[in-house]
Every structure is written in structure tokens, then in C-alpha cells.
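# Coordinate inspection notes
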Amino acid sequence: MSSSDDSDDDRDGDELLRDFEAEGQAIKDSLLPIKSAARYQATYDKFIKWMSQNKTAELTKDLLLVYFTELAMKKKAPSLWSDYSMIRSVVNLKYNFDIGNYVNLKSLLRNNMKGYEAKKSRVFTWAQFQTFLQSDNFYLAMKVLLIRGIFGALRTCEMTNLRVQDVQRITTVNEKQEEQMLFVFSIENTKTYHPRKFVVGREYVKVIDFYIKARPDDFAEDRFFYRYEKKGIRQVLGKNWIRAVPKTIAEYLNLNDPHQYTGHCFRRTAATLLAETGANEMMLKELGGWKSTAVMQGYIQDSFFSKVQLFEKFDGSIGFRSAQINTPALRDNQSERATHHVVKTSKKSIATKNKKSTSKVMEPMVEDPSFDEWPSENFSTEATAGTPCDSTDQQSPELPASRQNPIGLTKKVPFAENNNELNQLEPPVKMKKYEDVNGSSSENVPVRGTNIG
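Residues numbered from 1 in each chain as written. Predicted model: local features only at pLDDT ≥ 70, side-chain atom pairs only at ≥ 80, totals over all residues. Heavy atoms only, no water.

Counted according to the given criterion, the structure contains 21 aromatic pairs. Judged by centre distance (6.1 Å) and plane angle (70°), the rings of F97 and Y102 are edge-to-face. Judged by relative accessible area, which is 30%, F97 ranks as partly exposed. Among the residues examined, Y102 registers a relative accessible area of 11% and is labelled buried. Arranged with centres 5.3 Å apart and planes meeting at 90°, the rings of F138 and Y139 form a pair that is edge-to-face. Judged by relative accessible area, F138 falls into the partly exposed class, the value being 38%. For Y139, a relative accessible area of 22% corresponds to the partly exposed category. Members of the aromatic cluster, connected to one another through ring pairs, are F47, W50, Y67, F68, W81 and Y84. (Phe/Tyr/Trp six-rings, centres within 6.5 Å; stacked < 30°, edge-to-face > 60°. Buried < 20%, exposed > 50% of the residue type's maximum accessible area, 1.4 Å probe, protein only.)

On inspection of all chains with the given rule, the structure shows twelve salt bridges. The residue R163 makes a salt bridge to D222 at a minimum N-O spacing of 3.0 Å. Separated by 59 residues along the polypeptide, R163 in the loop between α9 (156-160) and β1 (167-173) and D222 in the loop between α10 (204-213) and β4 (226-228) bring together distant segments of the chain. Judged by its relative accessible area of 25%, R163 is partly exposed. Between E281 and K285 there is a salt bridge, with its nearest N and O atoms 3.1 Å apart. Of the two residues, E281 and K285 both sit in helix α14 (residues 281-288), four residues apart, roughly one turn of that helix. One network of salt bridges, with partners in common, ties together R155, E158 and R196. (Salt bridge = Lys/Arg side-chain N within 4 Å of Asp/Glu carboxyl O. Helix = DSSP H or I, 4+ residues; strand = E, 2+ residues; numbered from the N terminus.)

Turning next to the confidence of the model for the protein. Counting all residues, the mean pLDDT for the protein is 74, and 64% of those residues have values of 70 or more. In this model, residues 402-419 is a region of pLDDT below 50 whose contacts with residues beyond four sequence positions or in other chains number 39 contacts. (pLDDT = per-residue confidence, 0-100. Contact = heavy atoms within 4.5 Å.)

As a further point, take unusual backbone geometry. Non-glycine residue R202 carries a positive phi angle of around 60°. In this structure, R202 sits in the loop between β3 (196-200) and α10. In this model, K230 sits at a positive phi of 70°, which is unusual for a non-glycine residue. Tracing the backbone shows K230 in the loop between β4 and β5 (232-236). Classification of K230 as exposed rests on a relative accessible area of 68%.

Residue position: L65 is located in helix α4 (residues 61-72). Classification of L65 as partly exposed rests on a relative accessible area of 24%. With 43 residues separating them along the chain, L65 and L108 place their C-alpha atoms 7.7 Å apart. In this structure L65 touches N104, L105 and L108, once residues within four positions along its chain are discounted.

For the rest of this paragraph, the subject is α4. Helix length check: α4 (twelve residues) gives 17 Å between terminal C-alpha atoms against 16 Å at 1.5 Å per residue, within 8%. Along α4, the residues that are buried comprise L63, L64, Y67, F68 and L71. Taken around the axis of α4, the buried residues stretch over an arc of 120°, which confines them to a single face. Pointing more than 90 degrees away from the buried face of α4 are the exposed residues K61 and D62. Against the buried residues of α4 lie α3 (37-53), α5 (77-95) and α6 (103-113). The distance from a side-chain oxygen at the start of α4 to the backbone nitrogen of L63 is 3.2 Å, and the residue carrying that oxygen is T60. (Expected span 1.5 Å × (residues − 1). Arc of directions from axis to C-beta. Polar contact = N/O pair within 3.5 Å; in protein donor to acceptor, adjacent residues only side chain to side chain.)

Here it is in C-alpha cells:
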């Protein structure tokens, strides 16, 4: 009885044994991005094949440098970064080893990026957008794609996967207590797995509503975009057809290089047009579903209009402040506040001085009444080597005697008439001995702020 029970227990133990290593590896493989898992694995397999061809099985820093150096001869810099990212992810999951810690490898990839300029799709202007909407209804499907692509910043795949049930028609009341119809679009299947919504209203509602009503009644397909040529056709629009729409629109508008208007044109146009309205960063990220500011800025066209806006903001604010500073009333007010400024002591100094409040009133600065009347070209006297300014011969007769430059300094420094006045100047005046270009010394030459000698 006992022997049979022991044999049954051994059999059950054998059946219960599990290969945790294999199960764990399967879980690790599932951690790769679902949509790109096959591409990750294919890139890693190419790397392993290259290692076997070079008869090595040890992953070292030098091996990675050699591999990516050879790969740089065949691929462009962004593709190189993409392969590096995929190999890094697979190696990290399989062997718990991060090649991202190799500083020299990252430096190699960064050096390959220097001087590289990515080719980006061109964008439509607002005027071009409005012009195409006035076209014939033969382009109805393209007009609806353009409206949704721009107001929703949609990718080609997102427009392809849009379903009929993702579109909702609602009626609201505006500020004027008037009813208006809106279309709410829900984008559930996104590239980054972050669903988002956007709204289309006003005159664009009529175009979308006409397209929805023209849909064939017996069309069983639930994808929203279908083919339209003067009437609805029972055929859905594929991703390649949708990707070619910006090029077709550019050809209709007679734009230069229509082939540069790719499927990413809708998304870049949306970001650029919204940025030119002065929208903040939060609104831009909400439009396109971006989390990274750097990625979001890559979608915004470096347009001339945005540069003009920046200049106007600088010019307007700086010009306004300059006008305020040059206003006589404000200048007099600033002068009055400067001469009667009171420096209050801190609480700590009050406690240390028998808790008596004290204050120190600064003396008014010495000003020459003729200072504002000086000609700007005679404000300073320039001196060059060999021709020093002499206090009796070289000084300009147009300047007041109290303001003459005795040693030929090239900086514009107004001087007080005597040392008593110097003691009242702010900041404190330093007294220093100087020698002019002829070797003669000048005692107690007043210098304000910084050493000039």
C-alpha cells in the first residue's frame, strides 16, 4: 500500500514540475512593444547573425563599436539610433544587461547625427486649407480627410482605423443662445495607446454631414472613410490611398514639389497652425497627444510668420519700456526717488541696537546742471598712444572745466569738481595713482566703479 502511494506521489511530482526559466523568458519576450515586437526581434537576429559570421559569442564594448560603425556605412543616423534602441531593449530583456551604459557607443551615434538634417513633410497654410475646401465635390473624401487630419492632428493609421461608431453628432447652444451642431471624434486606437478626442464645428460640419449621408445604405463595412466619386462607392480607403492625399491636394493647388507633402503633412500642419495662433504648450500637447516637448516641437514648422511674431513681441515690449524710461515725468520721478531713498535696517540690527528702529538717508548725488546740455559727440575725449590729452592744451573748450578728462581715459566717466563731492558719490569712488603714456604720475585720480588704468 505504501509503495503504490509513493509511486503515485512521484508521478504527481513529475507532472507538477514546471520550466520556470522558459516561462519567464516567454514573459520577457511579451514585454516588447506589441505592434513592433517582430521588428525588434528581426533587428536583434541580424545582430546575432553578424556575431556568428565573425565567430564570436561574447558581447563586448569593442564588438558593439565595430558593429555600429559598419552599420553606419549602410544606414542613416536616425535608422542607426533605431537599431541601437531595439537591440538594447532585447538584450536587456533576455540577459538583464544594459548596453546603454557604454559611453563610447553613444558618442559614436551622436557623432553620426552631426550635420544630419531630417527630411520632414511640408505643411499647408491656412489660406491653402480654405482654398481646397472650395473645390468640387469630386474631392469630397479628401476634403473630409483634410478637415479631420488638421483639426485632430491625425496620423495616417489613425484615419485608416477610424470607425463609424467613433463619430458622434451632438447639438449645443452657443453664447448667442443659438443651436449649433458639432461632431465629436474619438480616437481609440492610437500609436501611443493614449485615446483622445477632438471636436469639429461651424461650416465644416456641413461638409462632414454631406459625406456621412452619401454613404451607401447597404455598405456593411464599419470603417468610416469610403471612396467617393460624385457618389458613394462601396470601397473603404486604405492607408496608401490616405497617405497620398496631401500630395494630391498640393497638385490641385499647384504647389512646388508636391511629392514633399507626405502622409505626415496633416499632423505637422495642425501643430504649425495652432502654434501660430499663440497656443500654449499644454494645448499643443493635447491636440496631438504628445508627452515630450522635444517631440512636439519637431512637428512645428519653422515658419517665417512665427519669427515675425517673436520680433513683434520683443519690439513691442522693449519699445514700450524705453518710451517709459525716456518720459520726462518718469525720469524726474526716478531721480527724486534716488535722492530720497531710505535704507531701513533689518530686524536683527534693531535687536542688537537696544531694539531702536534706525534708518539711514542717502545723500543726494552731485549733478552738474549743464550735464544734459552737453553734445553727445563731446561727452568723452578719445586718446591714442603718443598723443595724450593734456589738461591745458588737448581738452575740448566746449566741455565744462569741472568735467575735463585730465589723463586721457577712453571710458566715459564724469568727474566731480573736488574730493568733497567725490565722497558723496554712489557707488564709493576709489582713489588710485595712475601714470599717463608719457610716464608722469597723477595722484588721487577718481575712478568710479571699475579700474580703467
